[in-house]
Amino acid sequence: MKAIRVHQFGGPEVMELEDVPTPKLEAGQVLVRVEAAGVNPVDTYIRAGSYARRPELPFTPGIDGAGTVAGVGTGVSGIEVGARVYGGWPSSGTYAEMAIYPAEQIYPLPPQISFQQGAGIFVPYSTAHRALFSKGQAQSGETVLVHGATGSVGLAATQLAVAAGMRVLGTGGTPEGRSLVLDQGASQVFDHHSPDYPAEILAATAGRGVDVILEMLANVNLEQDLNLVASYGRIVVIGSRGSLEINPRAVMSKESIVTGLTLFNTRPEDLTQIQKALQIGLQDGTLRPVINREFSLAEANQAHRWLLQPGAQGNLVLIL
């Protein structure tokens, strides 16, 4: 089969398209013929060797994927060959024509959701769901600010929050991206390049501040977030690309909570519950992954370069 292989950590150029053996199916596992693979920021960090968890070299990148079941191992029940599925935490990477998953990490893909959309479910929506409801404790009627709302996690969070009855404010760097977030149901979206956007957000809340902030770039925005959050508000750090210095009194004065998450730390039983919740939204149409751009498997290095450019507008996927 064809697969992307990484033999040394480094830039996008270290990813090479190779012919490799189809992974061997073992007990308790499912073999999936990958139709589309999601490209996420964490993939680029792992490929570069800058992520806390380093896979053993050589490896095939990719966590998100969707396709059809090609085989089931002994001891697996309830999953049939030919079923449309998406998955999480594969035993082998999804930048490949075939991928192995633990049976408990395979989930049904509703017929109205394309394989491309299915490849944009597990990482973005699981992250957004956990950030909103587990870490952020967001409730219906509250106001949520999604920083970087135009990316895959930001759009997922916007859809989830709107479906749960929250008022969503977002930020985005391009007019096209801000329009896209409004299309997902956000009340207002602000240009984070404008020096006046923090004041505009406070004005939109009549000076009260927002109840929950989902932060995709904490090293740039966290200090400002402490001014924007309401008393007893919650700030959830989803992404950061550096360090910063803050005054703890800004947290103390509002008794706000600053917390963080990484999807890798999610307990298996929590992931199972999250997928059950996502299934409802995928079935009724309130959750709909947005695909920005498609690449071939051979163009994986281009996808990684594209992903880290400013102006994100949804998911990037590899088509196999």
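Above: the structure in question.
Quantities reported herein were computed from a predicted structural model and do not represent experimental measurements.

Scoring rules and cut-offs
- Residues numbered from 1 in each chain as written.
- Predicted model: local features only at pLDDT ≥ 70, side-chain atom pairs only at ≥ 80, totals over all residues.
- Heavy atoms only, no water.
- Helix = DSSP H or I, 4+ residues; strand = E, 2+ residues; numbered from the N terminus.
- Rg over C-alpha atoms; globule rule 2.2 N^0.38 Å.
- Buried < 20%, exposed > 50% of the residue type's maximum accessible area, 1.4 Å probe, protein only.
- Contact = heavy atoms within 4.5 Å.
- Areas by Shrake-Rupley, 256 points an atom, 1.4 Å probe, with all protein chains shown as cover.
- Lys, Arg positive; Asp, Glu negative; His and termini not counted.
- Charge placed at Lys NZ, Arg CZ, Asp CG, Glu CD.
- Pairing = 2+ DSSP bridges.
- Axes fitted to C-alpha atoms, helices over the stretch in contact; angles between N-to-C directions.
- 1 Å grid on protein atoms, 1.4 Å probe; cavity = no way out; pocket = protein on both sides within 12 Å on 5 of 7 lines; lining within 4 Å.
- Points joined across faces, edges and corners; volume = space filled by probe spheres on them.
- Nonpolar A, V, L, I, M, F, W, Y, C, P; charged D, E, K, R; others polar.
- Salt bridge = Lys/Arg side-chain N within 4 Å of Asp/Glu carboxyl O.
- Parallel < 35°, antiparallel > 145°, perpendicular 65-115°, else oblique.
- Core = buried A, V, L, I, M, F, W, Y, C linked by side-chain atoms within 4.5 Å.

*Asks:* Before we move on, could you go through the overall build of the protein chain and cite the residues and values that matter?
*Replies:* Looking only at helices and strands, the protein chain has 10 helices and 15 strands in total. Here the C-alpha radius of gyration of the protein chain, 20 Å, is about what a compact globule of 320 residues would show, namely 20 Å. When its C-alpha atoms are laid out on the principal axes, the protein chain stretches across 60 × 40 × 35 Å. Expressed as a percentage of the 320 residues in the protein chain, the buried residues total 54%. In the protein chain, of all internal contacts separated by at least 6 residues, the share reaching a separation of at least 24 is 65%. When the accessible surface of the protein chain is summed, it comes to about 13800 Å², and 50% of that surface belongs to carbon and sulfur atoms. Where the 22 positive side-chain charges of the protein chain centre and where its 29 negative ones centre are 3 Å apart.

*Asks:* Break down the sheet that holds strand S13 (residues 257-260) for me, with residues and values.
*Replies:* If you trace the 6 strands from one edge of the open sheet to the other, you get S10-S9-S8-S11-S12-S13, paired in parallel fashion. Edge positions in the sheet fall to strand S10 (188-191) and S13, since each of these pairs with one other strand and no more. Across the sheet, the mean angle from the axis of one strand to that of its neighbour is 20°, orientation sign disregarded.

*Asks:* I'd like to hear about the layout of surface pockets, residue by residue, with values.
*Replies:* Here the largest pocket is characterised by a volume of approximately 1400 Å³. In terms of lining residues, the largest pocket is bounded by 49 residues, among which Pro-41, Tyr-45, Met-216, Leu-217 and Arg-241 are the most central. Sorting the residues of the lining of the largest pocket by element identifies helix H1 (41-48), helix H3 (122-135), helix H4 (152-163), strand S9 (167-172), helix H7 (218-228), helix H10 (300-307) and strand S15 (315-319) as the ones contributing at least two each. Taken together, the residues that form the lining of the largest pocket break down as 23 nonpolar, 24 polar and 2 charged. Size it by volume and the second largest pocket reaches roughly 490 Å³. Around the second largest pocket, the lining is made up of 25 residues, and of these Thr-60, Gly-62, Pro-90, Ser-92 and Gly-93 lie nearest the centre. Looking at side-chain class alone, the lining of the second largest pocket contains 16 nonpolar, 5 polar and 4 charged residues.

*Asks:* Now, about the pattern of salt bridges: what can you tell me, with residues and values included?
*Replies:* Under the counting rule described, the total for this entry stands at 7 salt bridges. Residue Arg-234 pairs with Glu-142 through a salt bridge whose shortest N-O separation is 2.8 Å. Here Arg-234 is found in strand S12 (residues 229-237), whereas its partner Glu-142 is found in the loop between H3 and strand S8 (143-146), with 92 residues between them in sequence. The partner of Arg-267 in a salt bridge is Glu-269, with the nearest N and O atoms 3.8 Å apart.

*Asks:* How would you explain the packing of H3 against helix H9 (residues 268-284) if you had to name every residue and give the values?
*Replies:* For the pair H3 and H9, interaxial distance at closest approach is 10 Å and the crossing angle is 100°. By the angle between their axes, H3 is roughly perpendicular relative to H9. Facing Phe-122, Tyr-125, Ser-126, His-129 and Arg-130 of H3, the residues of H9 in contact are Leu-271, Ile-274, Gln-275, Ala-277 and Leu-278. Here the residues of the contact of H3 with H9 are counted per class, giving 6 nonpolar, 3 polar and 1 charged.

*Asks:* An account of the nonpolar core is requested, with residue identities and associated values reported.
*Replies:* With 75 residues, the main nonpolar core has Tyr-95, Phe-122, Leu-214 and Leu-318 as its most contacted residues. Membership of the second largest hydrophobic core comes to 15 residues, among which are Leu-169, Tyr-197, Val-210 and Ala-218.

*Asks:* So what's going on with the environment of Ser-179? Residues and values would help.
*Replies:* Note on placement: Ser-179 falls in helix H5 (residues 175-183). Given the relative accessible area of 37%, Ser-179 is considered partly exposed. Note: C-alpha distance between Ser-179 and Val-189 (10 residues apart in sequence) is 8.0 Å.

*Asks:* Go over H1 with me, naming the residues and quoting the values.
*Replies:* Three or more residues of H1 are buried, namely Val-42, Asp-43, Thr-44, Ile-46 and Arg-47. Contacts from the buried residues of H1 go to strand S1 (2-6), strand S2 (15-19), strand S3 (29-39) and H10. After H1 finishes, the residue Gly-49 shows a positive phi value of roughly 85°.

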